[in-house]
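Here is what each chain is made of, one letter per residue.
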Amino acid sequence: MSDTPRPDLRPEWTALQDHRAGWEASLRDLFAADPQRAERYVVRVGDLRIDYSKHLVTDETLARLRELASATDVFGLRDAMFRGERINLTEDRAVLHTALRAPRDAVIEVDGENVVPAVHAVLDKMAGFAERVRSGEWTGHTGRRIRNVVNIGIGGSDLGPAMAYEALRPYTARELTFRFVSNVDGADLHEAVRDLDPAETLFIVASKTFTTIETITNATSARSWLLDGLGGDEKAVAQHFVALSTNAGKVAGFGIDTANMFEFWDWVGGRYSFDSAIGLSLMIAIGPDRFRELLDGFRIVDDHFRTAPAESNAPLILGLLGIWYGNFHDAQSHAVLPYSHYLSKFTDYLQQLDMESNGKSVDREGRPVRWQTGPVVWGTPGTNGQHAYYQLIHQGTKLIPADFIGFARPVDELSGELASQHDLLMANFFAQTQALAFGKTPEEVRAEGVPEELVAHKTFQGDHPTTTILATGLTPSVLGQLIALYEHKVFVQGAVWNIDSFDQWGVELGKVLAKRVEPALTEGAEVPGLDSSTTALVAAYRELRK
Ligand code: F6P
């Protein structure tokens, strides 16, 4: 491994520190000084209009941030990723989720082999299967048509399809029921299947490794539920279980016919996998054509990220803005606030994408980082948040940069009064970013006749930075564009911080310890080396459970 210089020791980093130290302008000042700011600080990608004018930046800030990106060779690493080089160093893997949405005639090689034909072969197989389920041609063991689809998976094998199913509900086959089971808490599977008829239920077991304990446990229980409901004939499994995985051996070992397995590859990271076979449940829900539109959306942003100059490269700009706040303003978190009910799971999805990728404290060479890395990503749909935690964003002591995502049109299914509520929703959307940016001065509060003792309480300091992402509507393509935008933003930040954004060793220790502790819970077994606190807790648990 090469010895990459620490980013925080680069002159470009120090220049940003100096720039920050000399910072005095407010957003009010910046807008007053530049009447064109609202037009100049906008970037368009596909159907997304991304306004970053309400950020605490000037042309100089942006130029200095781009210099940091150039010094840390973000675009060099980007090109290496698109070329299929093994940029996931600790797992010695290529990082090629972009190949999942490449056109049929593209050539992308891993170890000298073009992977694109295999990608499209799996997409075609998924499409054939999805059509058979949607049309009723694929039946259950007793000959009844499938009406319920239950995806069993966790992390990247759950969050993507579950999020996208919610996001694209108006495009889904409403006559089918979709459920997503992830938690090893038996209540999750219980609630998902308690009102379903096993004869009409298809389980999709989604696991890249096919060793994840939560998924295999739930899949085993689902198998028992199915066999109990269908009279115990093992042959039923073939019609009611399919697998999405990279591990054919384990799939066969579980008892699923590998003819009913949809493959993907080790160069697809779990949190980057939902546009692979992992999206099968979504494809059944929205149909293969809509799924292809989603992939086209991803590709629009891939092409933009690959080719747009730094000045107008949206993932680069968003990534660098995050670095400006995280590394030079001590911001600890980043809020993502969609003003769409359909994006209720979008931030959950981004949490894994961002926090599992960039929650690292050693650099690519294994040296401890001396600079902040990934932020805490959080948020819920906007208007609900307004009546819960926005108080802290407006008047608390923490700087919380936020992304506001909204749409010009409500979904086509809404009509009459429900459709007209959309303007009210969006009035809130625009009002919030305005209030966050420009606040309300004590003078303005006084001018409203507020008693002096309340002026401080009713003052809004403003200067809370936001990005506004606006699109016409939430279509499959727009969803793909949004996800690719965030994927590449996370990439940019990892590249600047010189961390491996594609491994996830931090989830391993808990897994190992859970396996070690389990016998203590089930059999009261003594666990060698267990600390005294955990020993006492386990004893209390066993006592309470009696
Ligand atoms: O949480 C760790 C992790 O490996 C994620 O990266 C992954 O998305 C998830 O577990 C599920 O893994 P699998 O798809 O192999 O079951």
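The name given to the chain in an unreviewed UniProt entry is Glucose-6-phosphate isomerase, with Streptomyces achromogenes as the source organism. According to the UniProt record, the Function (unreviewed entry) comment for the chain reads "Catalyzes the reversible isomerization of glucose-6-phosphate to fructose-6-phosphate." Comment text from UniProt for the chain, heading Catalytic activity (unreviewed entry), reads "alpha-D-glucose 6-phosphate = beta-D-fructose 6-phosphate".

Asks: Even after reading the chapter, I still don't get the site of the ligand, so can you show me in this structure?
Replies: In the vicinity of the ligand, 13 residues are found, and the nearest of them are Gly156, Ser157, Ser207, Thr209 and Thr212. In this structure, an oxygen atom belonging to the ligand sits 2.5 Å away from a side-chain N or O atom of Thr212. When the ligand sits alone it has 390 Å² of accessible area, and the protein chains cover 87% of it. The cavity where the ligand resides is the largest pocket. A per-class count over the shell around the ligand returns 2 nonpolar, 9 polar and 2 charged.

Asks: Please clarify how the layout of surface pockets should be interpreted in this entry.
Replies: Leftover empty space is mapped by rolling, across the atoms, a probe with the size of a water molecule. Roughly 1100 Å³ of volume is contained in the largest pocket. Thr209, Thr212, Val507, Glu508 and Lys511 are the residues nearest the centre of the largest pocket, which is lined by 42 residues in total. Of all elements in the fold, only α9 (213-229), α15 (346-358) and α22 (508-523) reach the threshold of two or more residues within the lining of the largest pocket. The element best represented in the lining of the largest pocket is α22, accounting for 7 residues. Of the residues assigned to the lining of the largest pocket, the class counts are 14 nonpolar, 17 polar and 11 charged. For the second largest pocket, the lining is made up of 22 residues, of which Ser340, His341, Leu414, His422 and Leu425 are closest to its centre. Of all the elements in the fold, those that place two or more residues in the lining of the second largest pocket are α16 (382-386) and α18 (416-438). Among the residues forming the lining of the second largest pocket, the class breakdown is 12 nonpolar, 9 polar and 1 charged.

Asks: Teacher, can you tell me more about the packing of helix α7 (residues 159-167) against α15 here?
Replies: Helix-helix packing is described using two parameters, namely the angle between the two axes and the distance between the axes. Remark: α7 packs on α15, axes separated minimally by 9 Å, with the N-to-C direction vectors making an angle of 155°. Judged on the interaxial angle alone, α15 and α7 are roughly antiparallel. As for how α7 packs across α15, the hand of that crossing is left-handed. Judged by residue contacts, Leu159, Gly160 and Met163 of α7 engage Phe346, Asp348, Tyr349 and Gln352 from α15. For the contact of α7 with α15, the class distribution of residues is 4 nonpolar, 2 polar and 1 charged.

Asks: What am I meant to see in the packing of aromatic side chains here?
Replies: Aromatic rings in a pair are described by how distant their centres are and how their planes are angled relative to each other. Counted under the stated rule, the structure contains 28 aromatic pairs. Between Trp13 and Phe328, the aromatic rings sit 4.9 Å apart at their centres with planes inclined by 50°, giving tilted as the arrangement. Of the two residues, Trp13 sits in helix α1 (residues 11-21) while Phe328 sits in helix α14 (residues 314-328), which places them 315 residues apart along the sequence. Under the relative-accessibility criterion, Trp13 is labelled buried at 3%. A relative accessible area of 7% places Phe328 in the buried class. Measuring from centroid to centroid gives 5.3 Å for Tyr41 and Tyr52, while their planes differ by 5°, and the two rings are stacked. Of this pair, Tyr41 sits in the loop between α3 (37-40) and β1 (42-45) while Tyr52 sits in the loop between β2 (48-51) and α4 (59-71), and the two are 11 residues apart along the sequence. We note that Tyr41, like Tyr52, is buried. Here a set of aromatic residues connected by ring pairs shows up, and it is made of Tyr339, Trp378, Tyr389, Tyr390, Phe404, Phe429 and Phe430.

Asks: Would you take a moment to explain the UniProt feature "active site" (unreviewed entry) in the chain for this structure?
Replies: Within the UniProt annotation, "active site" (unreviewed entry) is assigned to Glu356, His387 and Lys511. These annotated residues cover 156 residues of sequence, and their C-alpha atoms reach 36.9 Å apart at the extreme, placing them across more than a single site. Checking the named residues against the largest pocket, the ones that line it are Glu356 and Lys511. Topologically, Glu356 is positioned in helix α15.

Definitions and cut-offs
- Residues numbered from 1 in each chain as written.
- Predicted model: local features only at pLDDT ≥ 70, side-chain atom pairs only at ≥ 80, totals over all residues.
- Heavy atoms only, no water.
- UniProt positions renumbered as here; feature names shortened; annotations may be inferred.
- Near = heavy atom within 4 Å.
- Polar contact = N/O pair within 3.5 Å; in protein donor to acceptor, adjacent residues only side chain to side chain.
- Areas by Shrake-Rupley, 256 points an atom, 1.4 Å probe, with all protein chains shown as cover.
- 1 Å grid on protein atoms, 1.4 Å probe; cavity = no way out; pocket = protein on both sides within 12 Å on 5 of 7 lines; lining within 4 Å.
- Sits in = over half its atoms within 2 Å of the grid points.
- Nonpolar A, V, L, I, M, F, W, Y, C, P; charged D, E, K, R; others polar.
- Points joined across faces, edges and corners; volume = space filled by probe spheres on them.
- Helix = DSSP H or I, 4+ residues; strand = E, 2+ residues; numbered from the N terminus.
- Axes fitted to C-alpha atoms, helices over the stretch in contact; angles between N-to-C directions.
- Parallel < 35°, antiparallel > 145°, perpendicular 65-115°, else oblique.
- Left-handed = near helix turned anticlockwise from the far one by under 90°.
- Contact = heavy atoms within 4.5 Å.
- Phe/Tyr/Trp six-rings, centres within 6.5 Å; stacked < 30°, edge-to-face > 60°.
- Buried < 20%, exposed > 50% of the residue type's maximum accessible area, 1.4 Å probe, protein only.

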